[in-house]
Amino acid sequence: MNLKIIILLTSLAYQFVSLPIYGQNFRWQQAVDYTIKVSLNVDNHQFEGHEKLIYTNNSPDTLYRVFYHLYFNAFQPGSMMDVRSRNIEYPDSRVMDRISKLKLDEIGYLTPISLKQGKSALEYTIEGTILAVRLTKPILPHTSTELNMKFKGQVPVQIRRSGRDNKEGIDYSMAQWYPKISEYDAQGWHPEPYIAREFYGVWGDFDVSITIAANYVVAASGILQNPNKVMVKHSQSGAKIQDHKKDITYHFIAKNVHDFMWAADPDYVHKTIQVPGGPKMHFFYVEDEKTRETWPQLIAICPKMVAYMNKQFGQYAYSDFFVIQGGDGGMEYPMSTLIVGRGTQAGLISVTMHEMFHSWYQGALATNESLYPWMDEGFTTYAQTLTKAYLNNTKTKLNRSYQRYLALANSGKQEPLTTHADHYNTNTAYGTGAYSMGSLVPYQLAYIMGTDTFHKAFRDYYYTWRFHHPTPTDFERIMEKNAYMVLDWFFLDWIGTTKHLDYAISEVSENNGNVLINLINKNQRPMPVEVMVTYTNGNKERFYMPLRMMRGSKKFNDDILTTQLPDWPWTNPLNTISLNHKLSDISKIELDPDHGTMDIDYSNNVWINPRTAHE
Ligand SMILES: [Zn+2]
């Protein structure tokens, strides 16, 4: 075990005493330690900087080359992002052909001036948004190397996420702005070109110094180290703003994160609120007629909102969280978000909630989002829906996700969720797949396992796998352990295929004093079956048939009389439930009454007794 791991484990153990990190047989993962100094010229929007990167190779492999992301190069006419946006069906309305029209002083770029490993200069090639570097000294397993890069860049006019002068007038949204080393994991290198979406990075510590004109307030995804020097703008006391004559340098540190974002505007105000039990929430926004009304209410609701998020989904992993006006829409970064700030009150709360939940599924768990966007956007959407229902005191429904899934399924454009985020043929198939179908993963698991069991498992997943880049199989196994079930069949069909589910009540009849309910599995996806019978006296009875291949069954903890019937093997299209009742005793029979299965046709799931219907 090398020193770097010991330090990492020690700092993790220090921060998260309850984190069960020992005894887990985790995969190896790489580690980074960035020290970045950057200086931005606010007259021409160009910057120059120096990046020292200590890169630790914890893999069993010798690395002969490394890759960096140069994301800003996407904002140039003819880039992969530009061409893809002009060719894809239903392009993102924020991008369209805007990149193709950028002038030289409006484009973005990021380019090395020099790059050294130790004392020797390195050869490299710039391939669009990727920098490919040949090392002079291979990095042996379990060793570190120091890479020093001088770089320069230009902040593009705001197109997507990053850029200058967004539509709300925020001067600088600086996401994906520095040379960021690609992740190397059990699947090898991930030098993903920046085409549209999703990020993946190496965990480590960032020490970032940003020099900028003195009238700017800088907000970032890290803890400010020199508040007294860059004051007074960071004070929320309303004290008079110091009129610096020269540039000032903001110094931030972010520990155990996989990315670093910052934003700057002369007019930012900074407010904070402490959530009991953590974190401290920071808000940076520009006050105007609209935001003066909406942001204070957002701030006021955060303690209640975040306390619920902590309790239901596991404790937020850092001491601070930064909500910063900037970018477009909302985008998540470790311990922070960039959001547009002039929307409606409900929209502002909703986007903050959504982006903050990414601190769980993208910030702390950080699956490879390009490969498994459903594990980030989907889980985030699910958690957001539950939290919204909690705040509004309504019942949780994922109707919108289901309706979107249904529309996609019927459109013929559905693609399996194993599709790479940038490779979907349409933005709709990606959006509905990652967000809606992704949110229906936890929703269906709650149906299969039982809601309480699922949420315990969901928290177990978070606490067990945070800071370890879980994959779908890690998620599946932890679900299986908690549910005491085998769940391959669910993941294989819902994630890996475009198969649909359609169970139906085909016939209800009376025979020899018994009621026979004939069920049919009309389509390809199997699920455990729940049938609710409502008797004419108002009583209800549930009949439950697990799938044989589940090797387990769900426990119900409501008051409804439940009868468990033999398992239904998926190869059998037909099944019959026999009730020791007369037909006239029954008013209604419903298959999957809670809509937990994502049945594509619920119209054939209900039988209403014609003789009792009008009574
Ligand atoms: Zn999201």
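What you see is a predicted model, and the numbers here were worked out from it, not measured in a lab. (Residues numbered from 1 in each chain as written. Predicted model: local features only at pLDDT ≥ 70, side-chain atom pairs only at ≥ 80, totals over all residues. Heavy atoms only, no water.)

Focus: the coordination of the zinc ion
To keep it simple, the criterion reads: Any nitrogen, oxygen or sulfur atom within 2.8 Å of a metal ion counts as a donor, with the limit raised to 3.2 Å for Na, K and Ca, and since water is left out, coordination shells can look unfinished. Here a helix means four or more residues in a row that DSSP labels H or I, a strand means two or more in a row labelled E, and each is numbered from the N terminus. Only protein chains enter the accessibility calculation, which uses a 1.4 Å probe; a residue whose area is less than 20% of its type maximum is buried, one above 50% is exposed, and one in between is partly exposed.
Distances from the zinc ion to its protein donors, H354 (NE2), H358 (NE2) and E377 (OE), fall at 2.0 Å. Taken in chain order, the donor set of the zinc ion reads H-x3-H-x18-E. On the criterion of sequence distance, the pair formed by H354 in helix α5 (residues 345–364) and E377 in helix α6 (residues 373–392) is long-range, its members being 23 residues apart. When sorted by exposure, H354 lands in the same class as E377, which is buried.

Focus on the side chain of T337
The condition that has to hold: Under the rule applied, a polar contact is a pair of N or O atoms within 3.5 Å (in protein, one hydrogen donor and one hydrogen acceptor; residues adjacent in sequence only if both atoms are side-chain atoms).
For T337, the location among the structural elements is in strand β23 (residues 336–339). Of the polar contacts made by the side chain of T337, one reaches the backbone oxygen of M331; its length is 2.9 Å.

A few points about the packing of α6 against helix α8 (residues 427–449)
If you want to describe how two helices pack, look at the angle between their axes and the distance between the axes. Selection criterion: Orientation is described by lines fitted to C-alpha atoms, with helices fitted over the stretch in contact, and by angles between N-to-C directions that extend from 0 to 180 degrees. Just so you know how the angles are binned, under 35 degrees is roughly parallel, over 145 roughly antiparallel, 65 to 115 roughly perpendicular, and the rest oblique. In a left-handed crossing the near helix is turned counterclockwise from the far helix by less than a right angle, and in a right-handed crossing that turn is clockwise. Throughout, a contact is declared for two residues whenever any of their heavy atoms are within 4.5 Å. Residue polarity follows a fixed list, in which Ala, Val, Leu, Ile, Met, Phe, Trp, Tyr, Cys and Pro are nonpolar, Asp, Glu, Lys and Arg are charged, and the others, Gly among them, are polar.
Between α6 and α8, the shortest axis-to-axis distance is 7 Å and the interhelical angle comes to 65°. Compared by their axis directions, α6 and α8 come out roughly perpendicular. For the crossing formed where α6 meets α8, the hand is right-handed. Here P373, W374, E377, G378, F379, T381 and Y382 of α6 lie close against α8, whose contacting residues are Y430, G433, A434, Y435, G438, S439, V441, P442, Y443 and A446. Considering only residue class, the contact of α6 with α8 consists of eleven nonpolar, five polar and one charged.

Topic: the environment of G378
By the secondary structure assignment, G378 is in helix α6. When its relative accessible area of 0% is taken as the criterion, G378 is described as buried. A sequence separation of 76 residues divides G378 from F454, and the C-alpha atoms of the two residues are 15 Å apart. The residues touching G378, leaving out its near neighbours within four places in the chain, are P373, A434, Y435, G438 and S439.

Things to note about the sheet that holds strand β5 (residues 120–121)
Put simply, the test is: In this description, strands pair whenever DSSP reports at least two bridges between them.
As summarised here, the arrangement of the eight strands in space is β5-β4-β8-β2-β1-β14-β17-β16, forming an open sheet in which the pairing is mixed. Lying at the two open borders of the sheet, with one neighbouring strand each, are β5 and β16 (223–224). Two elements, strand β14 (residues 204–212) and strand β17 (residues 248–257), share eight bridges in a ladder whose sense is antiparallel. Following the sheet pairing, I212 is matched in β17 by I248.

Quick notes on the pairing of strand β3 (residues 63–69)
The buried count for β3 comes to five of seven residues, which makes it a mostly enclosed element. Pairing analysis gives six bridges linking β3 to strand β7 (residues 130–139), with the strands arranged antiparallel. When the bridges of β7 are listed, F67 appears paired with A132. With two bridges joining them, β3 and strand β11 (residues 180–181) adopt antiparallel strand pairing.

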